[in-house]
Amino acid sequence: MIEVLYFAWLRERIGLPRERVETAAATVADLVAELSAREDRYALAFADLASVRVALDQELSSFDAPLAGVREVAFFPPMTGG
Amino acid sequence: MRLRLQAEPFALGAEAQAFAEAQAGAGAVVTFTGLVRDNAGQLSAMEIEHYPGMTEKAIGAMMDQAQARWALEDALVIHRHGRLLPGEAIMMVATAARHRAEAFAAAEFLMDYLKSRAPFWKKEFGADGAEWVAARDADEAALTRW
């Protein structure tokens, strides 16, 4: 089980701030493919991965990163702080 | 080195004063403040979302890096989240160093990193509805100079 978090317009499109996901996905890209196959709202949110960033256990990461040992995955758009 | 994330407004003058007064070995204090910009009177409010936990980690790492690189005496970051009105202060950075060049450089470094590597997202509310603020290529490009 991993905790999956969504922020900003990803949270709005998917309609949830977080959920627990039972998955055997090996990489972030595999998890995205799994979620996108579930329902249209996921496919829509993940349609353009160039505008999506991912953090694994609260550290910025990449879509080809492995999920082994990861407890928390977060998806969000490019950050706009400051 | 202190970081504060808060929904409430902060008093810029009082924060800057307290920060400067706490310095013993510094000869220079630089402060920067970011405001909610009202684009031609079109903005009614801004909402800032963040990622509790990662925000603290990411900014803490930036502050550690800045301290090591410019031998800072001290640094302070205050960043707000939640609903803000035009003209309100979003955040402030203060740096203290022995000399001004280090204090300025470290403040700019922290600002550049806060813009693109701290997990905050801004949403603008106006007469035509609400829109998430898009990240600017220039902000990402600014990181290459460090």
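Details of the overall build of chain A
Alright, step 1. The secondary structure content of chain A amounts to three helices and five strands.
Alright, step 2. Dimensions of chain A along its principal axes, counting C-alpha atoms only, are 30 × 30 × 20 Å.
Alright, step 3. For chain A, the proportion of its 82 residues judged to be buried stands at 49%.
Alright, step 4. Put simply, 48% of the contacts in chain A that link residues at least 6 apart link residues at least 24 apart.
Alright, step 5. For chain A, the accessible surface area stands at approximately 3,900 Å², while carbon and sulfur atoms represent 52% of it.

A word on the pairing of strand E6 (residues 89-97) of chain B
All names here are of chain B.
Alright, step 1. Here E6 lies mainly inside the structure; nine of its nine residues are buried.
Alright, step 2. Note: strand E2 (residues 28-35) against E6, eight bridges, orientation antiparallel. Bridge pairing in E6 links valine 29 to alanine 96.

Examining the nonpolar core
Alright, step 1. Counting residues in each nonpolar core, the largest one holds 35 residues, and the members touching the most others are Leu31, Phe46 and Phe75 of chain A.
Alright, step 2. Counting 32 residues, the second largest nonpolar core, distinct from the first, contains Val30, Val36, Leu43 and Phe109 of chain B.

Looking at the packing of aromatic side chains
Alright, step 1. For the structure shown, the criterion picks out twelve aromatic pairs over all chains.
Alright, step 2. A ring pair is formed by tyrosine 6 of chain A and tyrosine 42 of chain A, whose centres lie 6.4 Å apart and whose planes are at 65°; its orientation type is edge-to-face. Placement of the pair is tyrosine 6 of chain A in strand E1 (residues 2-6) and tyrosine 42 of chain A in helix H3 (residues 40-45), with a sequence separation of 36 residues.
Alright, step 3. A relative accessible area of 1% means that tyrosine 6 of chain A is categorised as buried.
Alright, step 4. Ring geometry for tyrosine 6 of chain A against phenylalanine 75 of chain A: centres 6.3 Å apart, planes inclined by 15°, an arrangement best described as stacked. Note that tyrosine 6 of chain A is positioned in strand E1 and phenylalanine 75 of chain A in strand E5 (residues 72-76), a separation of 69 residues in sequence. For the residue pair tyrosine 6 of chain A and phenylalanine 75 of chain A, the accessibility class agrees, reading buried in each case.
Alright, step 5. An aromatic cluster is defined as three or more aromatic residues linked by ring pairs; in this entry it consists of Tyr6, Tyr42, Phe46 and Phe75 of chain A.
Alright, step 6. For the cation-ring pair, arginine 83 of chain B lies above phenylalanine 125 of chain B, with the distance from its terminal atom to the ring centre recorded as 4.8 Å.

Here we look at the interface of chain B and chain A
Alright, step 1. If you look at the interface, chain B gives 25 residues, while chain A gives 20 residues.
Alright, step 2. Together chain B and chain A conceal approximately 1,800 Å² of surface at their shared face, both sides included; 57% is due to carbon and sulfur atoms.
Alright, step 3. Where chain B touches chain A, the interface holds two salt bridges.
Alright, step 4. Between arginine 11 of chain A and glutamate 49 of chain B there is a salt bridge, with its nearest N and O atoms 2.5 Å apart.

Here we look at helix H2 (residues 54-70) of chain B
Residues and elements named next belong to chain B.
Alright, step 1. Taking 1.5 Å of rise per residue, the 17 residues of H2 would be expected to cover 24 Å, and the 24 Å separating its terminal C-alpha atoms lies within 8% of that figure.
Alright, step 2. Within H2, the full set of buried residues consists of Met54, Thr55, Ala58, Ile59, Met62, Met63, Ala66 and Trp70. Down the axis of H2, the sector holding all buried residues measures 160°, keeping them to one side. Exposed positions of H2 whose direction lies more than 90 degrees from the buried face are Asp64 and Ala68.

Quick notes on helix H3 (residues 100-117) of chain B
Each full turn of the α-helix corresponds to 3.6 residues, which orients residues three or four apart in the same direction.
Residue and element names in this part refer to chain B.
Alright, step 1. The end-to-end C-alpha separation of H3 is 25 Å, in line with the 26 Å expected for 18 residues at 1.5 Å each.
Alright, step 2. Restricting attention to buried positions, one finds in H3 the residues Ala103, Ala105, Ala106, Ala107, Phe109, Leu110, Met111, Asp112, Tyr113, Leu114 and Ser116.
Alright, step 3. Next to the buried residues of H3 lie E2, H2, strand E4 (74-80), E6 and helix H4 (137-141).

Describing the sheet that holds strand E7 (residues 120-126) of chain B
Residue and element names in this part refer to chain B.
Alright, step 1. Across the sheet, which stays open at both edges, the four strands sit in the order E5-E3-E7-E8 with antiparallel pairing between neighbours. The two strands at the open ends of the sheet, each matched to only one other strand, are strand E5 (82-84) and strand E8 (129-132). For this sheet the average axis-to-axis angle between neighbouring strands, irrespective of direction, equals 25°.
Alright, step 2. The sheet contact formed by strand E3 (residues 43-50) and E7 spans seven bridges and is antiparallel. Residue pairing across strands places isoleucine 48 opposite lysine 122, the latter belonging to E7.

Here is what the cut-offs are and how they apply
- Residues numbered from 1 in each chain as written.
- Chains lettered and ligands numbered in written order.
- Predicted model: local features only at pLDDT ≥ 70, side-chain atom pairs only at ≥ 80, totals over all residues.
- Heavy atoms only, no water.
- Helix = DSSP H or I, 4+ residues; strand = E, 2+ residues; numbered from the N terminus.
- Buried < 20%, exposed > 50% of the residue type's maximum accessible area, 1.4 Å probe, protein only.
- Contact = heavy atoms within 4.5 Å.
- Areas by Shrake-Rupley, 256 points an atom, 1.4 Å probe, with all protein chains shown as cover.
- Pairing = 2+ DSSP bridges.
- Core = buried A, V, L, I, M, F, W, Y, C linked by side-chain atoms within 4.5 Å.
- Phe/Tyr/Trp six-rings, centres within 6.5 Å; stacked < 30°, edge-to-face > 60°.
- Lys NZ or Arg CZ within 6 Å of the ring centre and 35° of its normal.
- Buried area = accessible area lost by both parts, 1.4 Å probe.
- Salt bridge = Lys/Arg side-chain N within 4 Å of Asp/Glu carboxyl O.
- Expected span 1.5 Å × (residues − 1).
- Arc of directions from axis to C-beta.
- Axes fitted to C-alpha atoms, helices over the stretch in contact; angles between N-to-C directions.

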